[in-house]
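Tertiary structure, described
Each chain, letter by letter, is given below.
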Amino acid sequence: MDLKAAYEGAGIQAMLDQLDRELIGLRPVKARIREIAALLVVDRARQQVGLDTTPPSLHMSFTGRPGTGKTTVAERMSKILHGLGYVRKGHVVTATRDDLVGQYIGHTAPKTREMLKKAMGGVLFIDEAYYLYRPENERDYGAEAIEILLQVMESNRDDLVVIFAGYKDRMDVFYQSNPGLSSRVANHIDFPDYSADELLAIARLVLAAENYRFSDEATAAFSDYIQRRMQLPFFANARSIRNAIDRARMRQANRLFSRIGTLPITKRDLMTIEAEDITASRVFAGEVEGLDPARPLT
């Protein structure tokens, strides 16, 4: 068997290369994805030469804080599974508790089965999955949704992959309270927080994708912003960085607009984020910018 040809023929390397380009860092995550891809290639090769094999369990758990790339990796994983023929479509359906759990008797089962139907042939990505289980509320219907998920995860394991995602500590409690669920999830991948240097690299990628750039002074200012923002509540890694870039673009636009009729605007001006577009953030005053929607972003 030519494993390399099978690997390349399924387009896995191209998908992994794209993952490297799109996601900064996350070395342990990318290494685990490569391991799973290698296992699937070998499993498919064993089938082709007539070796009896049990299909690997592909249900997964992604743990980590918001903005660490869990949804993006789920999308890439679905394409890998589709390329190797483990799922028919390779799409991702994202769900939360509200999509699966009803508010009255008889409401949960149809909601859960409808989401499973939409995800069949691909990946069902359940974000903040621990909210499905609320043992303190005896009238909660989350347990019914979990039971249906367990049944379908087992009976349709050849055409559906379920990925549970959320904060690691809460997911650990979630699995401990559901032995049947934890036994069906074989692949646990933890997504680490980004370092300050990685967040700055992410910012540069986001800017480049939209034909923007930092001036040298803005680079220093944004590095300072990152250090401050990481210490404040509700920090969401790359998501917070993207939001900060969006606000910096708004300030740049306002700054350039204020020059109308006084100074000409050059292409360089339109592309460049200056330090003042960064330091105007309330983060430099120790506040979480955007927390209060009633207050202006600048």
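A brief structural summary. (Residues numbered from 1 in each chain as written. Predicted model: local features only at pLDDT ≥ 70, side-chain atom pairs only at ≥ 80, totals over all residues. Heavy atoms only, no water.)

**Describing the nonpolar core**
Ranked by internal contacts, the top residues of the largest apolar core, which has 59 residues, are Ile12, Phe62, Leu81, Phe214, Phe222 and Ile278. For Ile12, the residues in contact, after removing those within four places along its chain, are Tyr7, Ala37, Val41, Ile80 and Leu84. In this structure, Leu116, Leu149, Leu150 and Phe174 belong to the second largest nonpolar core, which totals 29 residues. (Core = buried A, V, L, I, M, F, W, Y, C linked by side-chain atoms within 4.5 Å. Buried < 20%, exposed > 50% of the residue type's maximum accessible area, 1.4 Å probe, protein only. Contact = heavy atoms within 4.5 Å.)

**Some thoughts on the pattern of salt bridges**
Going through the model one piece at a time under the given rule, you end up with 12 salt bridges. Between Arg255 and Asp277 there is a salt bridge; the shortest N-O distance is 2.8 Å. Of the two residues, Arg255 is situated in helix H12 (residues 237–257) and Asp277 in helix H14 (residues 275–279); the sequence distance between them amounts to 22 residues. Using a relative accessible area of 16% as the deciding quantity, one classes Arg255 as buried. Residues joined in a network through salt bridges with shared partners are Asp20, Lys30 and Arg34. (Salt bridge = Lys/Arg side-chain N within 4 Å of Asp/Glu carboxyl O. Helix = DSSP H or I, 4+ residues; strand = E, 2+ residues; numbered from the N terminus.)

**Regarding unusual backbone geometry**
Positive phi is not limited to glycine here, since Asn211 has a value of about 60°. As for its position among the elements, Asn211 is in the loop between helix H10 (196–209) and strand E6 (213–214). Since its relative accessible area comes to 56%, Asn211 is described here as exposed.

**Digging into the packing of aromatic side chains**
Throughout the structure, instances matching the rule amount to 7 aromatic pairs. Centroid distance Tyr130 to Tyr131: 5.0 Å. Interplanar angle 70°. Geometry classified as edge-to-face. For Tyr130, a relative accessible area of 8% puts it in the buried group. A relative accessible area of 31% means that Tyr131 is categorised as partly exposed. Plain terms: the ring middles of Phe174 and Tyr175 are 5.6 Å apart, the flat faces sit at 50° to each other, and that makes the pair tilted. (Phe/Tyr/Trp six-rings, centres within 6.5 Å; stacked < 30°, edge-to-face > 60°.)

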